[in-house]
Every structure is written in structure tokens, then in C-alpha cells.
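Fold and contact review
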Amino acid sequence: MSMDSRADQSDVHALQEQILELEKRALDELNSVRDLSRLEDLRIAYLGKKGLLTSIMKQLGNLAPEERPIVGRVANRVKSSLLEALEKAKERISSAEEPELEALDVTLPGREPPRGHLHPITQVQGEICKIFGRMGFRVVDGPDVELDYYNFEALNIPKDHPARDMQDTFYISENIVLRTHTSPMEVRVMEKQTPPVSIIAPGKVYRRDSDVSHTPMFHQVEGLLVDKGVTFGDLKGTLTSFVHQMFGRETGMRFRPSFFPFTEPSVELDIRCVICGGTGCRTCSFTGWIEILGAGMTDPEVYRFVGYDPEIYSGFAFGMGIERVTMLKHGIDDIQLFFKNDMRFSMQF
Ligand code: PHE
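Right, let's walk through the structure included here. Position labels on residues start from 1 in each chain and follow its written sequence. Per-residue local features are limited, in this predicted model, to residues with pLDDT of at least 70; the limit for side-chain atom pairs, both in listing and counting, is 80 or more; totals at the level of whole chains, interfaces and linings are taken over all residues. Side-chain measures were taken over the full set of non-hydrogen atoms in the model, leaving aside hydrogen atoms and water.

**Considerations on the packing of aromatic side chains**
- Within 6.5 Å between ring centres, the rings of Phe, Tyr and Trp (the latter by its six-membered ring) count as paired, and their orientation is classed by plane angle as stacked under 30 degrees, edge-to-face over 60, tilted in between. Summed over the entire model, instances satisfying the criterion amount to 11 aromatic pairs.
- Ring centres of Tyr-308 and Tyr-313 lie 6.1 Å apart, and the angle between their planes is 55 degrees; this geometry places the pair in the tilted category. For the pair Tyr-308 and Tyr-313, one class covers both residues: buried.
- Ring geometry for Phe-338 and Phe-345: centres 5.9 Å apart, planes at 70 degrees, overall edge-to-face. Burial here depends on accessible area, computed with a 1.4 Å probe over protein chains only, as a share of the maximum for the residue type. Under 20% is buried, over 50% is exposed, and the range in between is partly exposed.

**Description of the environment of Val-267**
- Topologically, Val-267 is positioned in strand β7 (residues 263–272).
- With relative accessibility at 7%, the residue Val-267 sits in the buried group.
- Counting along the chain gives 51 residues from Val-267 to Phe-318, while the straight-line C-alpha distance between them is 9.2 Å.
- Once residues within four sequence positions are removed from consideration, Val-267 is found in contact with Phe-232, Leu-235, Phe-255, Arg-256, Pro-257, Ser-258, Phe-260, Leu-293, Gly-294 and Ala-295. Runs of E in the DSSP output that reach at least two residues are strands. Runs of H or I that reach at least four are helices, and both are numbered from the N terminus. Residues are treated as being in contact if the distance between any of their heavy atoms lies within 4.5 Å.

**Describing the nonpolar core**
- As used here, the term nonpolar core means buried Ala, Val, Leu, Ile, Met, Phe, Trp, Tyr and Cys residues forming a set that is joined through side-chain atoms within 4.5 Å. Counting 39 residues, the largest nonpolar core has Ile-128, Phe-132 and Phe-318 as the members making the most contacts within it.
- Contributions of two or more residues to this core are made by α5 (120–134), α8 (232–247), β7, β8 (289–298), β9 (314–321) and α10 (322–330).
- With near-sequence residues (within four places) excluded, Ile-128 lies in contact with Val-221, Phe-242, Met-246, Met-320, Ile-322 and Val-325.

**Section: the site of the ligand**
- Whether a residue is near a molecule or strand is decided by its heavy atoms; if any one of them lies within 4 Å of it, the residue is near. Around the ligand, a shell composed of 14 residues is seen, among which His-181, Ser-183, Arg-207, Gln-220 and Gly-319 lie nearest.
- Identification of polar contacts relies on pairs of N or O atoms within 3.5 Å, with a donor-acceptor requirement for protein atoms, meaning one able to donate a hydrogen and the other able to accept it, and with residues adjacent in sequence counted only if both atoms are side-chain atoms. Contact between the ligand and His-181: a nitrogen atom at 2.9 Å from a side-chain N or O atom of the residue.
- Per-residue and other accessible areas were derived by the Shrake-Rupley procedure at a 1.4 Å probe size, with only the shown protein chains allowed to occlude residues. Protein burial of the ligand: of its 330 Å² of free accessible surface, 92% is covered by the chains.
- Here the ligand is seated within the largest pocket.
- Broken down by secondary-structure element, the contributors of at least two residues to the shell around the ligand are β5 (217–227), β8 and β9.
- Ranked by the residues each element gives to the shell around the ligand, the list is headed by β9, at three residues. Note on definitions: the grid is 1 Å and covers protein atoms alone; a cavity is a set of points where a 1.4 Å probe fits but cannot get out; a pocket is an open set with protein on both sides within 12 Å along at least five of seven lines; lining residues have an atom within 4 Å of a point. Put plainly, a molecule is in a cavity or pocket when over half of its atoms are within 2 Å of the grid points there.

Shown next as C-alpha cells:
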């Protein structure tokens, strides 16, 4: 009996020692742990269902009933001290992670967001305006939705005129259309201003047309010059100078006789096809030439609509396709590419 009691005594001591030893080791580890997943490992190792402290506490059942509370108290105190240390460690680790963020090097260059740029059509339109701007032409702007009067009537294209068949028109109503060309701007400018006049008018135009060389919306730049003594030579000189500045002095070009109701005489200007170099391809319809503009000496009939005296004044006008000019400048063989918004295409310019 006395032997048993001594044995119990030493069991109690040994167990207490074991618990205190465990507390010391656990606290050491908890105080130095640096990341949350390792902390969780420690929690499981000491306090988990199969943890070290838990298994010691299970041995309490082997002790004499009067000894259980003595050891139990120590075990419980250690348990709460470990839980507290665990909590502190968790806070310490979490707050340590933030200073790491604050340690950002603010002197490093920022990340640059991707930058856009102007559409190739807009770029070339700007270039055209610049070239004519240097020759003294002023840039004007007008509506896409246009009166029949400006789009046809005042340009000497009366209602029954066969020339209306040349243009597949989008009608808004009987008297309102999407402009089929920028020529209505000629009339709009002339009815507000007396000569001398020299303007260009870039903008969108609309025709019911769609294939490799046509889209239902495209861009033109209109040009108009009116003064005393303006000749066909001025027209040729102005447009030749434009082609030289836009495409280079060696560029092949030709004026072809043509017809427009609002100019007389009329011409079309072709540029050597840059896609095939003139041997003939799909883009130039196997002619080796690409038409970039229509032009001519303004018909006296048009002057009558705006109250100019054709006996005093003369002048020329032209209408240029910006897509055509851009295609020739950059060697693009499909007009539809301008309107697909494929970044791989657009970002090349
Ligand atoms: N408006 C004509 C067209 O779109 C071009 C043109 C403009 C012709 C000015 C002569 C004078 O085809």
C-alpha cells in the first residue's frame, strides 16, 4: 500500500514535470513560428485530438482520484497558456505580413497600361488635311445626315437625273439621305461665303455597297477652290503636288476623262497599284491602276444655285477616298480590314 502510494507520488511528479516540459517547448516554438501554416501544425501537434497535451491529459484517468485534480489543474493552466500563445502568434504573424507590403519599392517605375493610337484612316485623314492646309485650304465639317437638296439637287443632279443611279443611296425619308459623298459641303460653304474660297471637308459617306473594295460607310475628303481666273492647270498642279507629297515624287499617276453632273470637264485620278506594282491584281481589278479621286472644274450650273457669277469666277473641286489612299500608302489589300477592329491589324500603324 505504501509502495503503491510512493509509486503514485512519483507518477504525479513525473506527469507534472512532463506537462511543464511540454509547455516550455511549445511556448518556445509558438513564439518563434513565422507562418500561419506552421502555426496550425503546432496547434495540431500539441492541442489537437491526438496532440501531446491531449494524450497526457488522457493519462489522468490512471491516477488516484485525489491526485487527478492536482495534475488536472496544471494541465488546464498549460492548456490555456498554450491557447493564449497560439492566439498571440497568430496576431504577430498576420501583422508581420502587412509591413512586407509596405516595404514596396516606390521608386520602381510603374506598370504602363497598354496605349492606343489613332485609327490608320484617321491618321491618313490628318495627313491629307495637313498637306492641303499647307496649300492654303481651310478644314470644314458638316452633317452625315443630309438634305436631298445638298446631296443631289444643288449639285446639278435633279430628281429624274440618271446620275442618281450612280449612287446607291440610303434614304432616311424622301428628302433626307445619308450623304453619298462629301460634295454637299461645297454647296454649304459657297452659299455662306463669297469667293475666294478654298476649303477641304473630310468625313464619312454612305453607299449601299460591300465587297473587297467597298464598304457601306467610308471616308472622303472634299476639296473646293473658287476664285477669279482659276484653270484646269491649277487643278492638275494642286493634285499632282498632293500625290507627290503623299506618295513620293516617283509615284505613277494618270488623269482620266470622266463625268460628274457638277463638274465640267471632269476627270478621275489613278495611282499605280502598290499591291502588284502595276502588273494587275484583285485590288486593282487587274488594271494596274487604282482610282483615288474624282475631280473637275465646277459646273456653272452649281454656281447658279449659290449665287456665284460664272462669268467672273471659276474653280475646281475634287473628292478623294481616304480608305483608297490609306490602302495604297500602306499596301493593304482588303478595305474591310479597316472596320474589323482587329488589334493585330490596327496596332501596326
Ligand atoms: N463626289 C464625287 C464622288 O463621290 C467625287 C467628286 C467630287 C467629283 C468633286 C468631282 C468633284 O464620286
